[in-house]
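# Summary of structural features
Read off the chains here:
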Amino acid sequence: MPPRVRFAPSPTGYLHIGGARTALFNWLYARRHGGTFILRIEDTDTERSSGDMVSGILEGLRWLGLDWDEGPEVGGPHAPYFQSGRLDRYRAVANRLVEEGHAYFCYCSPERLRRERERAEAAGGAWQYDRTCARLDPARIAELEAAGAPRAIRCRVPDGRVGFTDRVRGRIDVDGSGIEDFVILRSDLHPTYHLSNVVDDVDMAITDVIRGDDHISNTSKHLLLYAALEVEPPAFAHVPLIFGPDRKRLSKRHGATSVMEYARAGYLPDAVVNFLALLGWSPGDDREILPRHDLVAAFDLSGISGGNAVFSPEKLEWMNGQYLAQMPAGDLAARVEPLLRDAGLLPEGGPVDRALLQRLLVLLQPRAKRLPDFVDQAQPFLVDAVEYAPEAVKKHLSSPELAGHVSALRAALAAVEPFEEAPVESALRGVAEARGIKAGALIHAARVALTGRMASPGIFEVIVLIGRARTATRLEQLETYLTTRP
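In this text, all values refer to a predicted model and were calculated from it rather than measured experimentally.

## Some thoughts on the overall build of the chain
- In terms of regular secondary structure, the chain is built from 20 helices and eleven strands.
- In summary, the chain has a C-alpha radius of gyration of 32 Å against a globular reference of 23 Å for 486 residues, an excess of more than 25%.
- Looking at the chain as a whole, 48% of its 486 residues are labelled buried.
- For the chain, the accessible surface area stands at approximately 22800 Å², while carbon and sulfur atoms represent 51% of it.
- Mean positive and mean negative side-chain charge positions of the chain (58 and 65 charges, respectively) differ by 3 Å.

What follows is the structure in structure tokens.
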């Protein structure tokens, strides 16, 4: 049957990079095999969960283009897709496991459990629950129940080993003696992660669980619950965690962690998706730029490596630049125009020469890494006058004869016909040769005059795009600066 996979975030925070990568792997697997991608919100932690976080998760997934087939705002045959709406189901399953002898009531107080744990740790050993309540006789249980004593429900861990074959890690076996009788329903009648996760995966017919390998230690407990429920478990694939450049687990100290922070920083969703896919997975060749349809066609769990992936901000920025460079001019203008308006470089609500804007953006494309780069680089082309950067003045405007050279260039450009790149270049080089200077000196001076900066796109393209009249005005402004400065 086609696979059914799920992404099950907890809304105790926004969608972070690690969660987004997990969602992406599940989405790619479903799309590759014609399966179903389910979004489930694990919001049983009522104190830390919030509606804002749910909205943030949905917003992040939508921005990435990871559409879900079942889940919030979509519905499906296994609703509700919020665990807070499924509490009665978890309680019923927990009580059933008690009735069948796979679980039991635990009346131990938190204080008693804490004391036992602290005593064991002080003695230098680890502690796991000693099954005190598993040995209570029926009469004592009846007394406690009659008194309304608070109680949790613990899964009874059988003797023997628990194992499974992970599709990334290979065979994993755990000795059951190292697993304590774990709580599945707390005394406040809220399920633990283990119970709610397994019950939902059973009810939603999940065939494949693809999640971070920090969940490997949970899998043995989940397998015990599947066995107690007499249900065939799904296949498991635990993917490597994402580390920062310092080889420590990715966290806020490494910078932006919410997916939407990258959206606000000017990254493209397709570039982020491409980048995330290659964190711990490879298509099996040297390709690095893989559009979404290529990712779907190539994705296979066998391509997931066992080693931890390293998040490189520089690599993400490079990849984003590759996507920006390939974007059609019209699409690029649609994204950049609002940013230019916000920066005051285009009239708010006023007319825009979109053909000229697209020419400008195409000129800037090779140098841009993020969308805000276009705003910064476009600024000299969209203002009436430019300011000269001090470092540009120091390096390129020091010659005492420069004012005369600039004046000659201005005169030569006034006569250029047609005002296109090749004739403009010929005119500039002709002036340099006639005045016995290197063309580079005149090119650098023109760049400072027109942009105020040390670097820009090709100067002849810049001159043509700025236009004959504005070029003449800026060259004249540079002449005035050179002849009047102290």
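## What to know about the pairing of strand β8 (residues 208-212)
- In terms of burial, β8 is largely enclosed, as five of its five residues are buried.
- Where β8 lies against strand β9 (residues 235-239), five bridges are found, and the strand directions are parallel. Opposite R211, over in β9, you have H238 as the bridge partner.
- In the classification by handedness, the crossover that spans β8, the intervening helix α7 (residues 216-228) and the parallel β9 is right-handed.

## Examining the sheet that holds strand β4 (residues 152-155)
- If you trace the three strands from one edge of the open sheet to the other, you get β3-β4-β7, paired in antiparallel fashion. Edge positions in the sheet fall to β3 (103-106) and β7 (183-185), since each has one partner strand and no second. For this sheet, the mean inter-axis angle between neighbouring strands, taken without regard to orientation, is 40 degrees.

## Observations concerning the pairing of strand β5 (residues 161-166)
- The alternating pattern of β5 places V162, F164 and D166 on a buried face, while none of R161, G163 and T165, on the opposite face, is buried.
- Bridging between β5 and strand β6 (residues 170-175) involves six bridges; their strand directions are antiparallel. Following the sheet pairing, F164 is matched in β6 by I172.
- The turn joining β5 and β6, which pair antiparallel and follow one another in sequence, is formed by three residues.

## Focus: unusual backbone geometry
- Cis peptide bonds are those with omega within 30 degrees of zero, and the linkage from A79 to P80 qualifies with 5 degrees.
- On the secondary structure map, P80 appears in the loop between α2 (51-64) and α3 (87-99).
- For the bond running from E417 to P418, omega is -10 degrees, close enough to zero to count as cis.
- Looking at the secondary structure, you find P418 in the loop between α16 (402-414) and α17 (421-434).
- Residues other than glycine seldom take positive phi values, yet R131 does so here, at roughly 65 degrees.
- As for its placement among the helices and strands, R131 is situated in the loop between α4 (110-122) and α5 (138-146).
- Given the relative accessible area of 30%, R131 is considered partly exposed.
- If you check the backbone angles, E230 has positive phi at about 60 degrees while not being a glycine.
- Judged by relative accessible area, which is 73%, E230 ranks as exposed.

## Quick look at the packing of aromatic side chains
- Taken as a whole, this structure holds eight aromatic pairs when the rule is applied.
- With a centroid separation of 5.7 Å and an interplanar angle of 65 degrees, the aromatic rings of F164 and F236 are classed as edge-to-face. Residue F164 is located in strand β5, and its partner F236 is located in strand β9; the two are separated by 72 residues in the primary sequence.
- On the numbers, 5.1 Å between centres and 90 degrees between planes, the contact of F275 with F311 is edge-to-face. Taken together, the residues span a long stretch of sequence, with F275 in helix α9 (residues 269-277) and F311 in the loop between β11 (309-310) and α11 (313-326) at a distance of 36 residues. Neither F275 nor F311 differs from the other in exposure class; each is buried.
- Among the aromatic residues, those joined into a cluster by ring pairs are Y262, Y267, F275 and F311.
- Seen from the ring of F105, R151 lies directly overhead, with NZ or CZ sitting 3.8 Å from the centre.

## Examining the packing of helix α12 (residues 329-342) against helix α13 (residues 354-364)
- Close contact between α12 and α13 brings their axes to 10 Å; oriented N to C, the two are set at 100 degrees. The pairing of α12 with α13 is recorded here as roughly perpendicular in orientation. The residues of α13 that touch α12, namely those facing A329, G330, L332, A333, V336, E337, L340 and R341, are R354, L357, Q358, L361 and V362.

## Observations concerning the packing of α16 against α17
- Where α16 meets α17, the closest approach of the two axes is 9 Å, and the angle between their N-to-C directions is 145 degrees. The element α16 and its partner α17 pack so that their crossing is right-handed. Residues H405, A408, L409, A412 and L413 of α16 form the contact with α17, whose own contacting residues are V424, A427, L428 and V431.
- Within the contact of α16 with α17, the residues separate by chemical class into eight nonpolar, one polar and no charged.

## Re α11
- Between its terminal C-alpha atoms α11 stretches 20 Å, which fits the 20 Å expected from 14 residues at 1.5 Å a residue.
- Buried residues along α11 sit against α8 (259-264), α9, α12 and α14 (371-382).

## Quick look at helix α1 (residues 17-32)
- Taking 1.5 Å as the rise per residue, α1 with 16 residues should run 22 Å; its terminal C-alpha atoms sit 22 Å apart, in good agreement.
- In the stretch just after α1, G34 is the one whose phi turns positive, near 65 degrees.

## Overview of the environment of D285
- Topologically, D285 is positioned in the loop between α9 and α10 (292-298).
- In this structure D285 comes out as partly exposed when scored by relative accessible area, which is 35%.
- Only 3.0 Å separates the side chain of D285 from the side chain of R287, close enough to count as a polar contact.

Parameters at a glance
Residues numbered from 1 in each chain as written. Predicted model: local features only at pLDDT ≥ 70, side-chain atom pairs only at ≥ 80, totals over all residues. Heavy atoms only, no water. Helix = DSSP H or I, 4+ residues; strand = E, 2+ residues; numbered from the N terminus. Rg over C-alpha atoms; globule rule 2.2 N^0.38 Å. Buried < 20%, exposed > 50% of the residue type's maximum accessible area, 1.4 Å probe, protein only. Areas by Shrake-Rupley, 256 points an atom, 1.4 Å probe, with all protein chains shown as cover. Lys, Arg positive; Asp, Glu negative; His and termini not counted. Charge placed at Lys NZ, Arg CZ, Asp CG, Glu CD. Pairing = 2+ DSSP bridges. Right-handed = clockwise from strand over helix to strand, strands pointing away. Axes fitted to C-alpha atoms, helices over the stretch in contact; angles between N-to-C directions. Phe/Tyr/Trp six-rings, centres within 6.5 Å; stacked < 30°, edge-to-face > 60°. Lys NZ or Arg CZ within 6 Å of the ring centre and 35° of its normal. Parallel < 35°, antiparallel > 145°, perpendicular 65-115°, else oblique. Contact = heavy atoms within 4.5 Å. Left-handed = near helix turned anticlockwise from the far one by under 90°. Nonpolar A, V, L, I, M, F, W, Y, C, P; charged D, E, K, R; others polar. Expected span 1.5 Å × (residues − 1). Polar contact = N/O pair within 3.5 Å; in protein donor to acceptor, adjacent residues only side chain to side chain.

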